[in-house]
Amino acid sequence: LYVGREDSEPFSKSQLDRLRWLAEKATLALEVGFQVNETARQRRKQEQAVDNLERQVVWLSSLVDGAREMSSSLQTEVLYRKLAGVIAGVIPHQAGWIQLHGSEPVTWGRPLSPDPNFLKSVYQAGRPVSLEDVASSRFPNPGPGIESLLAAPLVAQEEVVGAVVVGSERPRDFQGEQMDLFF
């Protein structure tokens, strides 16, 4: 707290005492204000954590239900369709594509045909790959209206056996949590 005068008169003892008293009260008020702000920030942080946990519980429940549903069949075409349903339940998208090496791809939603070089990068990465903005990438457009892609290799016994790709009509539509879940 700073107080100045236009003249060169010194402050009286009572004025300095009053100033000290004001400074102490201002300090208390500021400390309380900071504590209120910190409490509100912590509360928002906890609410976000609860929201994230609730979303993860929903996603994990969908995955468990999907795995249970998928284990009811050994037919490839049926498994593809069930996997597509599981993916649609946990990751919003407008186009999907699945292919095991040596088989024809299965698609759903909008037309989607990922570039072979993009798929090669997914196989080599061995983990999910996000293409945030198709228009600015080195890969050709995979389908009409598709602006972003999320792809993951299908791995069996530590070997990449295919890939699954989903596309969105919005750029940068897939988040880090979705990449982890997708994998």
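Residues numbered from 1 in each chain as written. Predicted model: local features only at pLDDT ≥ 70, side-chain atom pairs only at ≥ 80, totals over all residues. Heavy atoms only, no water.

Caption draft 1: Structural context of the nonpolar core. Formed by 18 residues in total, the largest nonpolar core has its most connected members in I91, I98, V164, V166 and F182. Counting residues per element, the ones that place at least two in this core are helix 2 (76-90), strand 2 (106-109), strand 4 (148-156), strand 5 (159-168) and helix 4 (176-182). Tallying contributions element by element places helix 2 first for this core, with five residues. The contacts of I98, once residues within four sequence positions are left out, are Y80, L83, A84, E104, P105, V106, W108, L154, A163 and V164. Of all hydrophobic cores here, the second largest spans 15 residues; its members include V122, V129, L131 and A163. (Core = buried A, V, L, I, M, F, W, Y, C linked by side-chain atoms within 4.5 Å. Buried < 20%, exposed > 50% of the residue type's maximum accessible area, 1.4 Å probe, protein only. Helix = DSSP H or I, 4+ residues; strand = E, 2+ residues; numbered from the N terminus. Contact = heavy atoms within 4.5 Å.)

Caption draft 2: Inspection of helix 3 (residues 116-125) at higher detail. Within helix 3, burial applies to F118, L119 and V122. One side of helix 3 holds all its buried residues, which, seen down the axis, span an arc of 100°. Turned more than 90 degrees from where helix 3 packs its buried face, P116 and Q124 sit exposed. Looking at the buried positions of helix 3, the neighbouring elements they touch are strand 1 (95-100), strand 3 (129-131), strand 4 and strand 5. For helix 3, the side-chain oxygen to backbone nitrogen distance between the N-cap and N117 is 2.9 Å, and the N-cap itself is D115. Just beyond helix 3, the residue with positive phi is G126, at close to 70°. (Arc of directions from axis to C-beta. Polar contact = N/O pair within 3.5 Å; in protein donor to acceptor, adjacent residues only side chain to side chain.)

Caption draft 3: Highlighting the pairing of strand 5. With respect to burial, strand 5 is a largely interior element, seven of its 10 residues being buried. Here six bridges tie strand 1 to strand 5, and the two strands are oriented antiparallel to one another. Opposite Q99, over in strand 5, you have A163 as the bridge partner. As consecutive antiparallel partners, strand 4 and strand 5 are separated by two residues, and within that stretch Q157 has a phi angle of approximately 50°, a positive value. (Pairing = 2+ DSSP bridges.)

Caption draft 4: Molecular detail of helix 2. Over its 15 residues, helix 2 extends 21 Å from the first C-alpha to the last, a length consistent with the 21 Å expected when each residue adds 1.5 Å. Those residues of helix 2 that sit buried are Y80, K82, L83, A84, V86, I87 and V90. Turning to helix 2, the residues buried within the fold contact helix 1 (13-70), strand 1, strand 2, strand 5 and helix 4. (Expected span 1.5 Å × (residues − 1).)

Caption draft 5: Local environment of the packing of aromatic side chains. Counting across every chain of the model gives one aromatic pair. Above the plane of the ring of F11 lies R5, whose end atom (NZ or CZ) is 5.0 Å from the centre. (Phe/Tyr/Trp six-rings, centres within 6.5 Å; stacked < 30°, edge-to-face > 60°. Lys NZ or Arg CZ within 6 Å of the ring centre and 35° of its normal.)

Caption draft 6: How the structure looks around the side chain of D173. Of note, D173 is situated in the loop between strand 5 and helix 4. A distance of 2.6 Å separates a polar atom in the side chain of D173 from a polar atom in the side chain of S168. Other than its neighbours up to four places away in sequence, D173 contacts P92, S148, S168 and Q178.

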